[in-house]
Amino acid sequence: MLISAVYYRYWEISISPDFVLFSLVSALWIMLPAYLPNSAAAVLGGGRPIDGGRKYRDGKRIFGDGKTWRGLVLGIGAGIFIGSVQIGVRDVFGLLVLPELTFPVVVILAVGALLGDLVKSFFKRRIGKERGAEWLIADQYDFVVGAFVLLLILEYGWVMATVTPLMVVWIIIMTPLLHRVVNIIGYLAGVKDVPW
Ligand code: CTP
Ligand code: MG
């Protein structure tokens, strides 16, 4: 009874328009070091594929030509770079209302994002989808799942102290929308072959 009253009270306070908007900004803020690596890999990637052209025992490529060392390394670098800038900006401008990012968290977001993308491609090849073919849900959420799995393993305390239920809702809503918009821009800019 008491617990449900406290819980109800929490949502009553949280669902003010200000809080909803603030949660959106907070969600985008913590996810930026995970979002950027994908776009950076698409722009900067290429060259030798991570699987070296090798095939899995099913005769299909392990990851495919869409996963390259350069994309992985420069993508992770871009995520760590933007996260470090965010840490500095928050400190220098005293934007302490924004969720706190730490360097380890930034590294985990960037690495987790592209590992999630890589694991997705492994399973995408296993079900017979070619490099670049669309795989709904998986293509959109791979890097968020990768980042959060790694965060929950390595930075559980940070997640519990920083990520609210409403931020999770925003991440679920905004991720496919941003993914779509960025990929259409990438397609128009000639960086991506397909608009997804
Ligand atoms: N990319 C890369 N290295 C990575 C990830 C991405 O070089 N580790 C580049 C590739 O040029 C890739 C592009 O970013 O084509 C877009 O990434 P993504 O959509 O994840 O790859 P797809 O080509 O769609 O391949 P898959 O079907 O395996 O997802
Ligand atoms: Mg793709």
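This section reports on the structure supplied with the text. (Residues numbered from 1 in each chain as written. Chains lettered and ligands numbered in written order. Predicted model: local features only at pLDDT ≥ 70, side-chain atom pairs only at ≥ 80, totals over all residues. Heavy atoms only, no water.)

Comments concerning the overall build of the chain
Condition: The helix and strand labels rest on DSSP assignments: H or I over at least four residues marks a helix, E over at least two residues marks a strand, and numbering proceeds from the N terminus. Think of it in three bands: residues with accessible area under 20% of the maximum for their type are buried, residues over 50% are exposed, and the middle band is partly exposed, with areas taken using a 1.4 Å probe on protein chains only. The contact criterion used throughout is that any non-hydrogen atoms of two residues lie within 4.5 Å. Accessible surface is estimated by sampling points in the Shrake-Rupley manner with a 1.4 Å probe; for residues, cover comes only from the protein chains shown. Positive: Lys, Arg. Negative: Asp, Glu. His and the chain ends are not part of the count. By convention, the point assigned to a charge is CZ for Arg, NZ for Lys, CD for Glu and CG for Asp.
A count of helical and extended segments in the chain gives seven helices and zero strands. Mapped in sequence order, the helices and strands of the chain form the string α-α-α-α-α-α-α. For the C-alpha atoms alone, the extent of the chain along its principal axes is close to 60 × 40 × 35 Å. Counting over 196 residues, the chain shows a buried share of 38%. Residue pairs at least 24 apart in sequence account for 67% of intrachain contacts in the chain once pairs closer than 6 positions are excluded. Of the roughly 11,000 Å² that the chain leaves accessible, carbon and sulfur atoms contribute 73%. Where the 18 positive side-chain charges of the chain centre and where its 14 negative ones centre are 10 Å apart.

Overview of a nonpolar patch on the surface
To keep it simple, the criterion reads: Patches here: salt-bridge-free residues with over 30% relative accessible area, like charges joined within 9 Å, nonpolar side chains (Val, Leu, Ile, Met, Phe, Trp, Tyr) joined within 5 Å. What counts as a salt bridge is simple: a side-chain nitrogen of Lys or Arg found within 4 Å of a carboxyl oxygen of Asp or Glu.
There is a patch of nonpolar side chains on the surface, built from V43, L44, W69, V73, L74 and V191 and spanning about 520 Å² of accessible area. Breaking the nonpolar patch down by element, the ones donating at least two residues are helix 2 (17–44) and helix 3 (69–92). Tracing the sequence through the fold places V73 in helix 3.

Observations regarding the packing of aromatic side chains
For any pair of aromatic rings, the description consists of the separation of the ring centres together with the inter-plane angle of the planes. Under the convention used in this document: Pairing of aromatic side chains here covers Phe, Tyr and the six-membered ring of Trp, requires ring centres within 6.5 Å, and sorts the geometry by plane angle: under 30 degrees stacked, over 60 edge-to-face, intermediate tilted. Definition used: whenever NZ (Lys) or CZ (Arg) falls within 6 Å of the ring centre and also within 35 degrees of the ring normal, the charge is taken to sit over that ring.
Within this structure, the stated rule accounts for four aromatic pairs. Stacked on the ring of F122, the Lys or Arg R126 has its end atom at 4.8 Å from the ring centre.

Focus: the site of ligand 1
Inclusion rule: Throughout, near means a residue has at least one heavy atom within 4 Å of the molecule or strand. Polar contact criterion, stated in full: a pair of N or O atoms within 3.5 Å, where within protein one must be able to donate a hydrogen and the other to accept it, and residues adjacent in sequence count only if both atoms are side-chain atoms. Within this scheme a cavity is a closed region of a 1 Å grid, computed over the protein atoms alone, that accommodates a 1.4 Å probe without allowing it to escape, whereas a pocket is open but has protein on both sides within 12 Å along at least five of seven lines; lining residues each have an atom within 4 Å of a point. Put plainly, a molecule is in a cavity or pocket when over half of its atoms are within 2 Å of the grid points there. Gly counts as polar in this scheme, as do all residues outside two lists: the nonpolar Ala, Val, Leu, Ile, Met, Phe, Trp, Tyr, Cys and Pro, and the charged Asp, Glu, Lys and Arg.
Ligand 1 sits among 18 residues. The nearest are K67, T68, S121, R131 and G132. Between K67 and ligand 1, the recorded distance is 2.6 Å, taken from a side-chain N or O atom to an oxygen atom. Side-chain polar atom of S121 to an oxygen atom of ligand 1: 2.6 Å apart, as the coordinates give it. According to the grid-proximity analysis, the pocket containing ligand 1 is the largest pocket. The set of elements that each furnish at least two residues to the shell around ligand 1 consists of helix 2, helix 3 and helix 4 (103–126). For the shell around ligand 1, the element with the highest residue contribution is helix 4, accounting for five residues. Grouping the constituent residues of the shell around ligand 1 by class yields three nonpolar, seven polar and eight charged.

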